[in-house]
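Now for the letters of each chain:
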Amino acid sequence: MHYNKYTNKIKITIAFLLCKCYNPFEVKSKSNQTITVIILSMKQEAVAMKLGFFTANFTEKPLEDVAKLVSKYGYEALEIPAYEGNGQLETKEVIKGNNAQQIRKMVSSYGLSIAALSNHADSFLIMGPKGKDTDFIFKGTAEEKIKHGTESLIRTAQAANALEVPVVVGYP
């Protein structure tokens, strides 16, 4: 997304795979801003889409059990939760020694790759809300919650780097 301060327009470029090239078109947002959308085409050989599975659907199971299970159903990639205490991946452990290499090896042994690490819960604390309604994520003052969420998201990025994962998903 690019904002042009001279034309007061937001330009969003979206690249779809395996599609034809279309001319730009404009749409109006709810706040009456003009949004220009350009759809670009790419070569068919560039990237193949993979079917992914968010392993947090089975946080009661170890990551390897989930990888084994979903590989049987044709899934090719995993999005793995990285918020603290999720039961499948602890970022503090991933960035130690050769743990990341062992996780990558285990995941690939089931014919899978890791598409993203997800830190929905902890990163939610960065922007709020920060009252008692988020104590189930982390108990503390607003400042302590922001610090916890920020540090957790940074560790998630470090773990993604160690795992050679290109995407970290946060919220909001």
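This one's a predicted model, so the numbers in the text were calculated from it and none came from an experiment. The written sequence of each chain sets the order in which its residues are numbered from 1. It should be noted that, the model being predicted, local features are given only for residues of pLDDT at least 70 and side-chain atom pairs only at 80 or more, the latter also being counted only at that level, while totals for whole chains, interfaces and linings use all residues. Side-chain numbers come from the whole structure's heavy atoms, not from hydrogens or water.

A. Highlighting the overall build of the protein. Note on conventions: DSSP H or I runs of at least 4 residues are helices, E runs of at least 2 residues are strands, and numbering of each starts at the N terminus. From N to C terminus, the protein includes 5 helices and 8 strands. Of the regular secondary structure in the protein, the N- to C-terminal order runs β-β-β-β-β-α-β-α-α-β-α-α-β. The proportion of buried residues among the 172 residues of the protein is 29%. Sequence separation of at least 24 residues holds for 63% of the intrachain contacts in the protein that already meet a minimum separation of 6. Carbon and sulfur atoms provide 56% of the accessible area of the protein, an area that totals close to 11,100 Å². Burial here depends on accessible area, computed with a 1.4 Å probe over protein chains only, as a share of the maximum for the residue type. Under 20% is buried, over 50% is exposed, and the range in between is partly exposed. Here, residues are in contact when the closest pair of their heavy atoms is within 4.5 Å. Per-residue and other accessible areas follow the Shrake-Rupley method at a 1.4 Å probe size, with only the shown protein chains counted as cover for residues.

B. Fine view of unusual backbone geometry. Unusually for a residue other than glycine, E164 sits at a positive phi of about 60 degrees. Looking at where E164 falls in the secondary structure, it is placed in the loop between α5 (142-163) and β8 (168-170).

C. Geometry of helix α3 (residues 99-109). Among all positions of α3, only A100, I103, M106 and V107 are buried. Seen end-on, α3 carries its buried residues on one side only, within an arc spanning 125 degrees. The exposed residues of α3 that point more than 90 degrees off its buried face are K105 and S109. Lining the buried residues of α3 we find α1 (63-71), β6 (77-81), α2 (91-94), β7 (113-119) and α5. Two residues or fewer past α3, G111 is found with a positive phi of approximately 75 degrees. The arc in question is the one traced by the directions running from the helix axis out to the C-beta atoms.

D. Looking closely at the nonpolar core. Of all hydrophobic cores here, the largest spans 21 residues; its most connected members are L78, I103, I114, L117 and L163. Counting residues per element, the ones that place at least two in this core are α1, β6, α3, β7 and α5. Here L163 is in contact with V94, A100, I103, R104, I114 and L117, once residues within four sequence places are set aside. Side-chain atoms within 4.5 Å are what join buried Ala, Val, Leu, Ile, Met, Phe, Trp, Tyr and Cys residues into a set we call a nonpolar core.

E. A look at the pattern of salt bridges. By convention in these notes, a salt bridge is any Lys or Arg side-chain nitrogen within 4 Å of a carboxyl oxygen on Asp or Glu. The tally for this structure, following the rule as stated, stands at 5 salt bridges. Close ionic contact of E93 with K96 constitutes a salt bridge, the shortest N to O distance being 3.2 Å.

F. Focus on the side chain of T134. Summarising the element assignment, T134 is placed in the loop between α4 (120-127) and α5. The exposure class assigned to T134 is buried, which follows from its relative accessible area of 1%. Reaching out from T134, the side chain makes a polar contact with the side chain of K145 at a distance of 2.8 Å. For T134, the contacting residues outside a window of four places in its chain are F124, L125, P129 and K145. Throughout this description, a polar contact denotes any pair of N or O atoms lying within 3.5 Å of each other; where both atoms belong to protein, one of them has to be capable of donating a hydrogen while the other can accept it, and for residues adjacent in sequence the pair is counted only when both atoms sit in side chains.

G. Quick peek at the confidence of the model for the protein. A score between 0 and 100, pLDDT records how confident the predictor is in each residue. Summary statistics for the protein give a mean pLDDT of 79 and a share of 72% for residues scoring 70 or more. Confidence, read as mean pLDDT per element, is least for strand β2 (residues 9-15) in the protein (40) and greatest for α3 (97). Overall, residues 1-22 carries pLDDT values under 50, and its contacts beyond four positions in sequence, including any with other chains, amount to 45 contacts. This model gives residues 39-44 a pLDDT under 50, and the stretch forms 20 contacts once residues within four places in sequence are excluded.

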